[in-house]
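# Results of the structural survey
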Amino acid sequence: MKSKFTTVDIIAMVAELNERLAGMRVVQVYDTDHKTYLFKLQRPEQKAVLLLESGARIHATEYEWPKNPAPSGFSMKLRKHIRNKRLESIRQLGVDRVVDLQFGSGEVAHHVILELYDRGNLVLTDHQYTILNILRPRTDAESVRFASKENYPLDKARLYETRSEQQLREVLSVAKEGDVLKKIINPHLDFGAALIEHLLLEAGFPAQARLGHEFHIEEDMHRLVGAIRAGEAVLRNEQQDFKGIVTYRVERRSAGGQKGGQKGGSGAGGDTEMVTYQEFHPLLYAQHADQPHHTFLSFTAAVDEFFSKLESQKLDMKAVQQEREALKKLDNVRRDHQRRLEALELAQRDDRWRAELITSNAQLVDGAALVVRSALANQIDWREIGRIVQEAQKRGDPVARSIKALKLETNHITMLLHDPYQEESDEDDEDGSEDGREDAAPPAEKADQSSHIRPMLVDIDLDLSALANATRYFGQKRTAAKKQQKTIESSFKAMKSAEQKTKQTLKEAATIASINKARRVHWFERFLWFISSENYLVLGGRDQQQNEILVRRYLKPGDIYVHGDLHGAASLVVKNPTGAEVPPKTLNEAGSFAVCNSSAWDAKIVTSAWWVHAHQVSKTAPTGEYLTTGSFMVRGKKNYLPPCQLTLGFAVLFKLEESSIERHRGERRVRTVDAEDGPRPTPAAEEPSSPVGDEDGAREDGAASSQDGEDEKEDAGEKDSEDEKEEKKDDSEEEEKEETTGSKEEEKDSGDEDDKGESEEDNEFPDTNVEVKHLKGSKFTVEVTSPTDSRPADNPFPKLPGPKPAAARRGGKKPTGPPPVGKEKKQNCAPPPQPRGKRSKMKRAKEKYKDQDDEEREARMAILQSAGRSQAVVAEEKRQQEQQERQQRQQEQQERRRQQQKARQEAADDEGDDDEVTVPQDCQILEELTGLPVEEDELLYAVPVCAPWSTVLGYKFKVKLTPSAGKKGKAAKTAVQSFLTDKAATPRERDLIKSVRLEDVTRNFPGRVKVVLPQAARAKKK
C-alpha cells in the first residue's frame, strides 16, 4: 500500500495547489499530531484547508480532521510568523521531494519547507532562508546542520539532468544478463518505479523485461530512449491533463468471515465486498488500466479521499486478519484430527501385518530367538554376538539372514519377515525393503498395498514365543482400533467446539470493527466530563489550557462555574441551557468532582468547593495585576458547598438508537418531594396553620412550657398575697368566659369528636383562643392564638408579645398588613397554663388598654419608634435594591457580551467561521446516553465516564474509585473485566465494553486509584 509521495506526485500536486490556493491568506494553523499540520486559508467567498504531513504528503482537504485542543510549540511559532499572510507561491526544490511554500513577500516573507523523503521534516525560515524553527533538527551526512539560526541549504537541491543515449548504454553494459530492465535504470532516473513501468509498457516492453531476453541493447535501445524522453516531458510539467487515480482491491467475504472463493462459503447471497485502497497516482498508468480504480477530477481530491479512508480501511484489514487467523486455527484443528485418524488406521494395518507375518514364520522366529537367547545364556559379549550373526549371514544361514538388528538393551531383535505364501521377491526388492521402512511410504501407496503384505521389519521380544509376539501385535491392533473409534466419536464434539469458537471470534472481530466505525467522539470528551443525576452536563479542564478554553468558549449566561477551594483545582462548568435554577444535588456533584480532580486526591485531603454564576467570572484583572493562563477573576459572593468525600465512580454509558431513546426519557431528571410533603393550605384571608400531629410543634410547646416555668419562679417572689387573691378571683371569671368560647366551638364542629376534645382541653387555659379549621376528610388544623394576636375589631384585648409562629420559622407565607409586636404560635395541642405572675400582668394590661383599638396602638407605637419600619417601607426598599441589582447584572452582561464579541472577532483568525464554538444540542446528546440499558434497547457503542459515586450509583456497570497507590492501567483492566464477567450483561453489552480502549478509560482517572468492586463481583473473584 502506497503511503508517500513520489517526484511525479509532487509535480502534479504543486501545479494544482498553485492554481487553486495561491493568493489566499492564512487564517490559522492547527496541528493534529506531531507530524501533521493544517493551514486554514481563505479569500473573499472562498476557503480551503491545506494539510502537510512531514515525510508523507501535502494536499488540500475537504474532510474535518481532529485538532489538538492545545496547539504545540511549533504551531504557535507558525501562527506568529505566517498568520494573516498571503500564500504567494508553492514550488518544488529541483527534483527533490521537497516543497517550498512562501508566505508574504519582500523582507517580511517567510517560507515553510516540507521534506517528503526519509523521516521527513518541516522547517520555518525567514526571507533569507534562515531557519527560525524546525520540527526535527538533524545533521546531514555532509555535515550540513539543520537547526535554528542556520541557513537552509537550497544549493543542495538536485537539478534534473537529461540522460543521453550514451549514458544509458553505459548503465546497461554494466548490468548482468537476465537482470530486470526497470530495476537497472530506476536508480539513474527520477521517474519512480510506477512511471518507469508505465513507460516500458507504452514502449512495447513487458513489465518484467529482462536484459538479454525481452530487451536487447542494439535492437531495442531506440525504443527505450523514446520512453525516457516521454518521462522527461512529465517531469518538465508539460503534462497538463493531471487527474486523480486511486487503485483499489476488492475482497469478498461471506457472512461467516470466509472468502467467497473458499469452500464452505455461504454463497453469493451472504457475500460482502470490502474495498481496500492500494495506490494513488496523477495519471492512469498502463499497468493499472485493467485493474479496478476510481477516477477523480483532481489529484488533490484523490489523495484526500485516499488518506481519509485509510484509517477505516485499516480497521477492516485488521478485522480480516483476525478472521483469517480464526479460520486458520479451525483448518489446523481439522487437519490435526485427520492426521490422527490416518495414523491410527495405519498403525492398525501395520500391527495386523506384523502379527500375520510372525504367525506365518513362527518356526523361523522361534529359531532366531533361541539362538540369541543361547548366546546370552552363555554370557557372550553383545558385540561378539553381533559378529557371530554377521559371519552366519555371510555363510548364508537363513535364520541369521532374517536378523537385521540386535536391540539387546531392550531385549528385542529386529527381523525381516516375508509372506511364505507369496512368490519370493527378487534381491532388489529385498534390498529396498531393508533400506526403507514401510512406515515411510506415502498413505496413498499404502492404501494400494492393503491386500498385499510386503516384507516388513518386525521387532521380536526375546522373552516371548512367536505366537506370543503375534498375540501382542494383535492386541496393539485392537487398542488402536478402540482409540480410533473414540477419536471419531470425540472429533465431532471437538470440531463443533472449534467451529463455535471460530464463529464467536469472527463475530467479535466484525462487531468491534463496526463499533469502531460507528463510535463517534463527542465534543465534550476532550474535557473532564460527566452527566449529573439530574441531566446536567458538567465539564472540567484537564489542564490550564483547557480551563482557559472552557471558560472563554463554553461558559454561557445561565451556566454555573464551580471550583475547588484549593489552588490548582480544575475549573468546572455546569451547562444550563434552560436558564432555570440549577438544583443543589447537581451543584454538590459538581463540587465533589472538582475536589476529586485536584491535588486533594493524591494528598487525601477532604475539602469543599464553591460555585458562582457565569456573570461573576471574567478574565479582566484589577488594575496593575495580571491573570495567567487558566486563572480567572471572580467578583461577588462565593457560594460554598459542603465538604465532600474523595470517592468517584467509573461507569459505562451506552449510545442509544433513535427508537430506544423514548424508553429512557426522563431517566435523569430533577426529583422533588412535593408528593411527600402533603397539602399545605395557606388561605389568603387566614393566617398559616400547621397540621395536627406536628412533632416540631410539640417540641416547641415543650420548650415554651419550660420557659414559662422559669418565668413563674421569677415572678412568684415579687407578688404579694393580695395579688394572689385577685388572681384567683380573676381566674375563675376567665375560666367561665373560656368555657363559653369552647362551647361555641363545639357547637360549630359538633360532628368532630377530636375538636370537642381540644375545646374541653382549652377550658383550662383562660388566655387562649382556639380555632378549628377543616381541610378535607378527617384532617384539620388547630390554631391557638395568644391574647396578643391580631383580633377582630370587636375584640377589646390588645396584642402583647408572644412566641414566633412555626410557619414563619419554616419560611411560610407572611401575613399581610403591618407586623404586630406580638408573635403567633401554632401548635397541635392546647398551650401550657400561664404562670401566676404573668396572669396578673395580663389582667392589669387588659384593664389599662381595654378601650384602645389597633389603629391607636400602631400610632402610639410609631410615635415611640418601637414598632420599627412598616412592611410597606421594607418592601419598597427591597424592590429598589432588587432593581439596582438587576440593572447592575444587565450592565455586567452587556459588558460581557461586548467582551465576548470582541474576543470572537479576535479569534476569527484563531478559529475561523466553521470553528466557531456552538455547543451542539446538549440535551439531545444527553438523552441519547444511558447507564441503564434494557434488553429491548438497540445499543450503538459504549462511552466510559468517570463521575461522582452518587451520580453513577444507579448505573448498571459501575465500580467505586478511591485514592490509593494503584496504577491506572491495572485499575482500568480490573474494572472492565468485572463488567465483562457480570452475569446480568448481555452479549451486545459485552461486545461494546470490549471495544472500549483502555486509554479512553485511564485518561479520565484523577490519579492513582483503588478499584472497589461491588459485593457480588468480590465474592465471585474470591
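Just above sits the structure.
The structure reproduced in this document is the subject of the present report.

A few words on the packing of aromatic side chains. Applying the stated criterion across every chain yields a total of 22 aromatic pairs. With 5.6 Å between their ring centres and 80° between their planes, W523 and F524 make a pair best called edge-to-face. The class for W523 is buried, based on a relative accessible area of 16%. On the basis of relative accessibility, which here comes to 1%, the residue F524 falls in the buried class. Each member of the aromatic cluster is reached from another via a ring pair, and the members are F5, Y277, F280, F299, F306 and F307.

Next up on the list: the pairing of strand β8 (residues 121–126). In terms of burial, β8 is a largely internal element, six of the six residues being buried. Residues N121, V123 and T125 point to one face of β8 and L122, L124 and D126 to the other, with burial holding for every one of them. With six bridges joining them, strand β7 (residues 110–115) and β8 adopt antiparallel strand pairing. Residue E115 lies in a different strand from β8, and its bridge partner there is N121. The turn linking β7 back onto β8 is made up of five residues, and D118 within it adopts a positive phi angle of 55°.

As a further point, take the side chain of T962. Note on placement: T962 falls in strand β31 (residues 958–963). Among all residues touching T962, those that are not within four sequence positions of it are W601, L646, R1008, V1009, K1010 and V1012.

This part is about the pattern of salt bridges. Taken as a whole and judged by the stated rule, the model has 34 salt bridges. In this structure, K2 and D9 form a salt bridge, with 2.6 Å as the shortest nitrogen-oxygen distance. Both residues of the pair, K2 and D9, count as buried. Note that E548 and R552 form a salt bridge whose closest N and O atoms lie 2.8 Å from each other. Residue E548 and its partner R552 are located together in helix α15 (residues 544–554), separated by four residues, close to a single helical turn. One continuous salt-bridge network, built from bridges that share partners, spans D96, R158 and D190.

Take the sheet that holds strand β19 (residues 537–540) next. With respect to topology, six strands assemble into an open sheet ordered β18-β19-β21-β20-β22-β25, the strand pairing being antiparallel. Only two strands of the sheet have a single partner each, and these edge strands are β18 (528–531) and β25 (639–640). Looking at chain direction, strand β20 (residues 560–564) and strand β22 (residues 609–613) are connected through five bridges and run antiparallel. Paired with G564 across the two strands is A609, which belongs to β22. Of the strands in this sheet, β19, β20 and β21 (571–574) touch α15, which is tilted by about 30° from β21. Contacting β18, β19, β20, β21 and β22, helix α16 (residues 584–596) runs over the sheet at an angle of about 40° to β20.

Looking at where K575 falls in the secondary structure, it is placed in the loop between β21 and α16. Among the polar contacts listed, one links the side chain of K575 to the backbone oxygen of Y554, at a separation of 2.5 Å.

Let us look at the pairing of β18. Burial along β18 is two-sided: L528 and F530 facing one way and W529 and I531 facing the other are all buried. With four bridges connecting them, β18 and β19 associate as antiparallel partners. Residue W529 lies in a different strand from β19, and its bridge partner there is L539. Connecting β18 to the antiparallel partner β19 that follows it, the hairpin turn spans five residues, and N535 within it adopts a positive phi of roughly 70°.

Another point: the environment of G558. One can find G558 in the loop between α15 and β20. On the basis of relative accessibility, which here comes to 33%, the residue G558 falls in the partly exposed class. Considering only alpha carbons, one finds G558 and P577, 19 residues apart in sequence, at a separation of 7.3 Å. For G558, the residues in contact, after removing those within four places along its chain, are N576 and A614.

Here is what the cut-offs are and how they apply
Each chain carries its own residue numbering, running from 1 in the written order of its sequence. pLDDT decides what is reported in this predicted model: residues at 70 or higher carry local features, side-chain atom pairs at 80 or more are listed and counted, and totals for whole chains, interfaces and linings draw on all residues regardless. Hydrogens and waters are ignored; side-chain quantities use all the structure's heavy atoms. Centre distance within 6.5 Å is the pairing criterion for rings of Phe, Tyr and Trp, where only the six-membered ring of Trp is used; planes under 30 degrees apart are then read as stacked, over 60 as edge-to-face, and the remainder as tilted. Buried means the residue's accessible area, taken with a 1.4 Å probe over protein chains only, is under 20% of the maximum for its type, while exposed means over 50%, and partly exposed covers the values in between. Helix and strand definitions follow DSSP, with helices as H or I runs of at least four residues and strands as E runs of at least two, each counted in order from the N terminus. Strands are treated as partners if at least two bridges between them are detected by DSSP. Contacts are residue-level and defined by heavy atoms, with any inter-residue pair within 4.5 Å sufficient. Here, a salt bridge means any side-chain nitrogen of Lys or Arg that lies within 4 Å of a carboxyl oxygen of Asp or Glu. Between the N-to-C directions of two axes lies an angle of 0 to 180 degrees, each axis being a line fitted to C-alpha atoms and, for a helix, fitted only over the stretch in contact. Residues adjacent in sequence count toward polar contacts only when both atoms are side-chain atoms; beyond that, a polar contact is any pair of N or O atoms within 3.5 Å, and within protein one must be able to donate a hydrogen and the other to accept it.

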